[in-house]
Amino acid sequence: MSTEQPPQTNPDPFKAGTEAAERALADLRRDFTGYRIWRATRWDGRLGDWVASLHDPRAGVDPTVIASNPAALREALVHEGERARNARPRTR
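Description of the structure in this document. (Residues numbered from 1 in each chain as written. Predicted model: local features only at pLDDT ≥ 70, side-chain atom pairs only at ≥ 80, totals over all residues. Heavy atoms only, no water.)

## Examining the overall build of the chain
Counting its regular elements, the chain contains 2 helices and 3 strands. When the helices and strands of the chain are read in sequence order from the N terminus, they spell out α-β-β-β-α. Counting every position in the chain, which comprises 92 residues, the buried fraction comes to 24%. Residue pairs in contact within the chain that sit at least 24 positions apart in sequence constitute 26% of those at least 6 positions apart. (Helix = DSSP H or I, 4+ residues; strand = E, 2+ residues; numbered from the N terminus. Buried < 20%, exposed > 50% of the residue type's maximum accessible area, 1.4 Å probe, protein only. Contact = heavy atoms within 4.5 Å.)

Below you can see the structure in the form of structure tokens.
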């Protein structure tokens, strides 16, 4: 009986990272519908920063929000929503 184990396949880290980024992008788009959200393209053609452009003034204040990762963009967009709520005049 052989004690040699079969070779294990190594997952493609690029593919795994791409799938996670696509899920994060879809989640951000679902959760922040007042923005157009995408990944910027770097000078070398690779994906870069995470970008959100404001399309609904009720969703935020700054017209463009840029972050280096999806978690930072989510945090910034939550903050933008709070700023928008505080900036609106209250009516009776």
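What follows continues from the structure just given.
## Let's talk about helix α2 (residues 70-87)
The periodicity of an α-helix, 3.6 residues per turn, causes residues three or four positions apart to be oriented the same way. Taking 1.5 Å per residue, 18 residues should reach 26 Å; α2 reaches 25 Å between its end C-alpha atoms and fits that length. Capping of α2 at its N-terminal end is provided by N69; its side-chain oxygen lies 3.1 Å from the backbone amide nitrogen of A71. (Expected span 1.5 Å × (residues − 1). Polar contact = N/O pair within 3.5 Å; in protein donor to acceptor, adjacent residues only side chain to side chain.)

## Details of the pattern of salt bridges
For the coordinates displayed, the defined rule picks out 8 salt bridges. Between R74 and D31 there is a salt bridge; the shortest N-O distance is 2.9 Å. On the criterion of sequence distance, the pair formed by R74 in helix α2 and D31 in helix α1 (residues 13-31) is long-range, its members being 43 residues apart. Judged by relative accessible area, D31 falls into the partly exposed class, the value being 35%. (Salt bridge = Lys/Arg side-chain N within 4 Å of Asp/Glu carboxyl O.)

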